[in-house]
Amino acid sequence: MLYLGRAIIGLFAAGALFAAGLLVAALTRTSDSVAVDYLHRGADKILRMVDTATQPERKGPPIEVFPTTFLGLEGADVQLPRSERLGVGGALTTIGDAALILRFDGELFVVRADGSSVRPNIEMHENGYEAYLKAIELPEYSDFNLRPGRFRYNDITYYPGPLEPRLLTSFLHWHEDRLCYTTTVAQLLLPEVPEKPEDITAKSDDWQVLFQTGPCLPLREVKASIQGEEAGGRIAFAPDGLSIYLANGDYGWNGYHSDGRHPLSSTPLAQEDGVDYGKVLQIDLPTAEARMISAGHRNPQGISFTEEGELWTVEHGPRGGDELNLIRSGTNYGWPLETYGTDYNGVQIPT
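Conventions we followed
Residues numbered from 1 in each chain as written. Predicted model: local features only at pLDDT ≥ 70, side-chain atom pairs only at ≥ 80, totals over all residues. Heavy atoms only, no water. Disulfide = S-S within 2.5 Å. Helix = DSSP H or I, 4+ residues; strand = E, 2+ residues; numbered from the N terminus. Buried < 20%, exposed > 50% of the residue type's maximum accessible area, 1.4 Å probe, protein only. Contact = heavy atoms within 4.5 Å. Salt bridge = Lys/Arg side-chain N within 4 Å of Asp/Glu carboxyl O. Pairing = 2+ DSSP bridges. Axes fitted to C-alpha atoms, helices over the stretch in contact; angles between N-to-C directions. Core = buried A, V, L, I, M, F, W, Y, C linked by side-chain atoms within 4.5 Å. pLDDT = per-residue confidence, 0-100. Patch = residues over 30% accessible without salt bridge, like charges linked within 9 Å, V, L, I, M, F, W, Y side chains within 5 Å. Areas by Shrake-Rupley, 256 points an atom, 1.4 Å probe, with all protein chains shown as cover. Phe/Tyr/Trp six-rings, centres within 6.5 Å; stacked < 30°, edge-to-face > 60°. Lys NZ or Arg CZ within 6 Å of the ring centre and 35° of its normal.

Enquirer: Honestly, the state of the cysteines in this entry has me stumped. Any pointers?
Expert: Inspection of every chain in the model, using the stated rule, returns one disulfide. Here C180 connects covalently by a disulfide to C216, the sulfurs 2.0 Å from one another. Torsion about the S-S bond of the C180 and C216 cystine: about 100 degrees, corresponding to right-handed handedness. Highlighted residues: C180 in strand 10 (residues 180-189) and C216 in the loop between strand 12 (208-212) and strand 13 (232-237), separated in sequence by 36 residues. The residues C180 and C216 share a single accessibility class, namely buried.

Enquirer: Whenever I open this one, the environment of G214 confuses me. Can you help?
Expert: With respect to the secondary-structure elements, G214 resides in the loop between strand 12 and strand 13. Sequence separation between G214 and Y277 is 63 residues, and the spatial gap between their C-alpha atoms is 7.8 Å. Apart from residues lying up to four places away in sequence, G214 is in contact with V275, D276 and Y277.

Enquirer: Just checking my understanding: could you explain the pattern of salt bridges for this structure?
Expert: Side chains that differ in sign of charge can pair as their charged atoms come close. The full count for this structure, using the stated rule, is twelve salt bridges. Taking the shortest distance from any N to any O, the salt bridge between E123 and K203 comes out at 3.9 Å. Pair noted here: E123 is in the loop between strand 7 (121-122) and helix 3 (129-135) and K203 is in the loop between strand 11 (201-202) and strand 12, with a separation of 80 residues, a long-range link. Residue classification places K203 among the partly exposed positions, given a relative accessible area of 47%. Here E229 and R150 are joined by a salt bridge, their closest N and O atoms 2.8 Å apart. Placement of E229 in the loop between strand 12 and strand 13 and of R150 in the loop between helix 3 and strand 8 (153-159) is noted, with a sequence separation of 79 residues between them.

Enquirer: What should I look at first to understand the sheet that holds strand 16 (residues 290-294) in this one?
Expert: Sheet strands pair by backbone hydrogen bonding; their relative direction is either parallel or antiparallel. Across the sheet, which stays open at both edges, the four strands sit in the order 13-14-15-16 with antiparallel pairing between neighbours. The strands lining the two open edges of the sheet, one partner per strand, are strand 13 and strand 16. Averaged over all pairs of adjacent strands, the angle between their axes in this sheet comes to 25 degrees, without regard to strand direction. Bridge analysis of strand 13 against strand 14 (residues 243-248) gives five bridges, and the strand direction is antiparallel. Pairing of R234 across the sheet is with A247, part of strand 14.

Enquirer: Any chance you could explain the nonpolar core here in plain terms?
Expert: It is characteristic of soluble globular proteins that their nonpolar side chains tend to be buried jointly. Counting residues in hydrophobic clusters, the biggest one holds 22 residues, and the most contacted among them are Y132, W174, Y181, L219, I226 and Y251. The set of elements that each furnish at least two residues to this core consists of helix 3 and strand 9 (166-175). Residues within four places of L219 in sequence aside, it is in contact with Y132, I136, Y141, F144, W174, S225 and I226. Counting residues in each nonpolar core, the second largest holds 20 residues, with L108, F171, A186 and A202 among its members.

Enquirer: So what exactly am I meant to see when it comes to the pairing of strand 17 (residues 300-305) here?
Expert: In the case of a regular strand, side chains alternate between the two sheet surfaces. Bridging between strand 17 and strand 18 (residues 311-315) involves five bridges; their strand directions are antiparallel. From the neighbouring strand, I303 faces strand 18, where its bridge partner is T313. A loop of five residues connects strand 17 with strand 18, the two strands running antiparallel in sequence, and G309 in this loop sits at a positive phi of about 90 degrees.

Enquirer: When you look at unusual backbone geometry in this model, what are you seeing that I'm missing?
Expert: When glycine is set aside, most residues are seen to have a negative phi, and most peptide bonds are trans. Cis rather than trans, the peptide bond between G214 and P215 has omega equal to -5 degrees. Here P215 is to be found in the loop between strand 12 and strand 13. Even without being glycine, R147 reaches a positive phi, approximately 50 degrees. Counting through the fold element by element, R147 comes out in the loop between helix 3 and strand 8. Note on R147: relative accessible area 40%, which makes it partly exposed. Positive phi is not limited to glycine here, since Y251 has a value of about 55 degrees. Looking at the secondary structure, you find Y251 in the loop between strand 14 and strand 15 (279-284). Residue classification places Y251 among the buried positions, given a relative accessible area of 0%.

Enquirer: I'm lost on the confidence of the model for the chain in this one. Help?
Expert: Parts of the model with low pLDDT should not have their predicted coordinates read in detail. Summarising the model, the chain shows a mean pLDDT of 87, and 83% of its residues fall at 70 or more. With pLDDT under 50 throughout, residues 22-31 is counted as low confidence; its partners more than four residues away or in other chains account for nine contacts.

Enquirer: How do you make sense of a nonpolar patch on the surface when you look at a structure like this?
Expert: Together, F66, F70, L71 and L73 give the surface a local cluster of nonpolar side chains, amounting to about 470 Å² of exposed area. Tracing the chain through its elements places L73 in strand 2 (residues 72-76). With a relative accessible area of 45%, L73 lands in the partly exposed category.

Enquirer: Could you clarify how one ought to interpret the packing of aromatic side chains in this entry?
Expert: Two measures describe an aromatic ring pair: the distance that separates the ring centres and the angle between the ring planes. By the definition in use, this model includes nine aromatic pairs. Taken together, the ring pairs in this structure connect Y129, Y132, F151 and W174 into an aromatic cluster. The ring centre of Y129 lies 3.9 Å from the NZ or CZ of R85, which sits over that ring. Stacked on the ring of W335, the Lys or Arg R298 has its end atom at 5.5 Å from the ring centre.

Quick look at the structure:
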């Protein structure tokens, strides 16, 4: 009876709001007004409350609606432990019925639909963060905007075959011997297909480096010393499963934010032949050989194949310059010579 009463009240309230919305639309001769939008959103909220009230109780965290530009996404909010250091970013992949989540600092968590979470017995490949912290204490970096919170792991993904199963990860990698950094892709070969992430046990040195970008980039005196938030670093599997595609950002090496300290400082790396930054790269899994697919990218944070075999990237541009790109081999996507975006201080991007 309680559920029925709630449902009846909710339906009356939703109907009243919807009717009011139609009335306002008729009076204003538009359905784009703030009032109509407010009423319609209110009606939608009430209908969702009714739906919740009339459904049997479910186990696990409550379902929430996350509004986006085109539709609302339903999901559960699961809280994971915060890192002891500042930073943002992360990635996830699925194994069986669980999500394997990689936090920006390399910590892993297994999360299930019931809201439970555990730490798996998997150590990530070392990324050189501790060595980086020591390096930035050197006198030559005393005036640099160091921002260690931008030092992060970029992606993790599970590969079930057709070759042997494995985990792959990409991350910002500090090279202590050369005082420079790369995007590194490493793989963890698995003896068998796991049913769940907890079946996997690995130490950091069990990972094998599959690919490293070149050249190794030094710290810069302009902007942040490492703009790790512009690393891209997302991975997609080719439809045949024999190679991966790496969407690699330019780390802010755009040619116009230049400190003049390095031969490439005044060069837009996304436009430079023989340089792996600002590119989409194909990496062969059996041989680890890599080739450039496309150039002119700033910060591709999403990459995926459609069922038809088309490759798409979502690229974070400067202010007003985000892009959705259909990737075609040999194509140059323009950055930073062509962009709809402006710098965050409002200045036009040099062309």
